[in-house]
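Residue strings, one per chain:
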Amino acid sequence: MEITKSAIAGTLESSDAQVTIEPAQAGLELEICSSVADQYGRQIKAVALETLSALGVKAAKVVINDKGALDCTIKARTECAVYRASGADPDGKVNWGGVK
Amino acid sequence: MSELTGKSRLRRTMMFLSAQRPGLVKDAYVYKPDSVMFDLEDAVAENQKDAARFSLYHTLKTVDYGNVERIVRINGLDTPHWQEDIRVCVAGGADGIRIAKCESAQDVKDVAAAVSKAEAEFGSKEGSTLLMAALESPKGILNAYEICMASERLFGVAISGGDFRKSMQTRYYAHGIEMQAARGQMLLAARAAGVQCFDTIFQNLDDIEGFRKETQLIKEMGFDGKSLISPKQIAIVHEIFSPTEKEIIEAEKIVRTVRENSAKGIGVFVVDGKMIDIAFLPGAERTLAIAKAAGLMK
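So, here is what we can say about the structure in this document. (Residues numbered from 1 in each chain as written. Chains lettered and ligands numbered in written order. Predicted model: local features only at pLDDT ≥ 70, side-chain atom pairs only at ≥ 80, totals over all residues. Heavy atoms only, no water.)

## Observations concerning the interface of chain A and chain B
Going by this rule: Throughout, a residue-residue contact means that at least one pair of heavy atoms, one from each residue, lies within 4.5 Å. Any carboxyl oxygen of Asp or Glu that lies within 4 Å of a side-chain nitrogen of Lys or Arg is treated as forming a salt bridge with it. Here a polar contact means two N or O atoms within 3.5 Å. Within protein one must be a hydrogen donor candidate and the other an acceptor candidate, and residues neighboring in sequence count only if both atoms are side-chain atoms.
Taken together, the 24 residues of chain A in the interface contact 22 residues of chain B. Seen at the junction of chain A and chain B, the total is 3 salt bridges. A salt bridge links B:Asp50 to A:Arg84; its shortest N-O distance comes to 2.7 Å. Taken together, the links from chain A to chain B amount to 13 residue pairs in polar contact (both at pLDDT 80 or more).

Here it is, written out as structure tokens:
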């Protein structure tokens, strides 16, 4: 998916994560902000990169503000941010079977 | 003794959770409601419907709810959201879907058709996604029987008190008179159609005594369970909707005695001073099935 505009998904509530995506010229730039970054930063990064790869995102600047989110929440917020940033219809068909 | 499974499974408590809030959905199973109700409708802001679906999908796919049933309340059929809501429910493997603001058999049929299409798309077993209908208006209540009979997938109907009271130009009263006719009519329709029947939420979380009274009222009316908005309401409903030890012992005795006497060709007899005949058997068996499903007996 191509990132054509800036988008945010998620909140700063406990157990959530707020993912911000912006267009980039080339490559993926990923920043993790988390109070548990020392313990889980690598895991959050791995989940985010895997999710971006599954969606075919090749160029974007991504900031994840983690508030103790589970992996499934990181995935959900990242996917939502990507769909929004690609200009997809919020009620359009999502490829649920392909979203891992 | 028949077991309560599938469409007839034990559903004393259905706890609402906003599908959009990870802090709520990640471990709601620990409170052990019979069912959780992931909400895509009123609890989710209009501009967060997409986010709620992504959150719901991964919750359904990732979090192990054990024996807790996972139902999803989808947005109304008068919105642009409900069809994608159905796709994500089926793709995620939800056990059931609650149709909001249901007013006719056609509403149920429209949802059932979309669910069938989604089951085919995502490779789910045809008919594996159950339905329930929320009746929130006078029209919905008046059409309750046709709604209850509209689909093989439908396991029950629920009244939604907030919208219903508004449409009737009334409000909540502790004695429940404002809901009496609708509760009764919906219950009659559900029983005639052979589906389950659920009561509305109780909003005042601090009024424990009021909640207990309302729960006792709907139990006595014949409801199967109640929608909840807080874990602290679960134990009260389970207590009121579960058979007591005395009721279980009495039911066991009735089942045993009916069978023994039937084998001897005796139709009417006395158990602990009460006249009993074959007509008491289904009720006693149901008491035991509920006790078993509730984990009160093996």
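## Examining the pattern of salt bridges
All names here are of chain B. We count it as follows: Secondary structure is summarised from DSSP: a helix means a run of H or I of at least four residues, a strand means a run of E of at least two, and numbering begins at the N terminus for each. Summary of the burial criterion: residues with accessible area below 20% of their type's maximum are buried, those above 50% are exposed, and those between are partly exposed, where the area comes from a 1.4 Å probe applied to protein chains only.
A full pass over the atoms with the stated rule returns 29 salt bridges over all chains. A salt bridge links Glu 84 to Arg 87; the shortest N-O distance between them is 3.0 Å. Highlighted residues: Glu 84 and Arg 87, both in helix H3 (residues 82-92), separated by 3 residues, approximately one helical turn. Looking at Arg 87, the relative accessible area reads 8%, which means it is buried. Residue Lys 166 pairs with Asp 163 through a salt bridge whose shortest N-O separation is 3.4 Å. Here the residue Lys 166 and the residue Asp 163 both occupy positions in helix H7 (residues 161-167), the gap between them amounting to 3 residues, near one helical turn. Residues participating in the shared-partner salt-bridge network are Asp 39, Glu 41, Arg 73 and Lys 101.

## What to know about the side chain of A:Asp16
Along the chain, A:Asp16 turns up in the loop between strand E1 (7-9) and strand E2 (17-22). Since its relative accessible area comes to 1%, A:Asp16 is described here as buried. In this structure the side chain of A:Asp16 is engaged in a polar contact, spanning 2.6 Å, whose partner is the side chain of A:Thr11. In contact with A:Asp16, other than residues within four places in its own chain, are A:Gly10, A:Thr11, A:Asn65, A:Asp66, A:Lys67, A:Gly68, A:Ala69, A:Thr73, A:Arg77 and B:Pro22.

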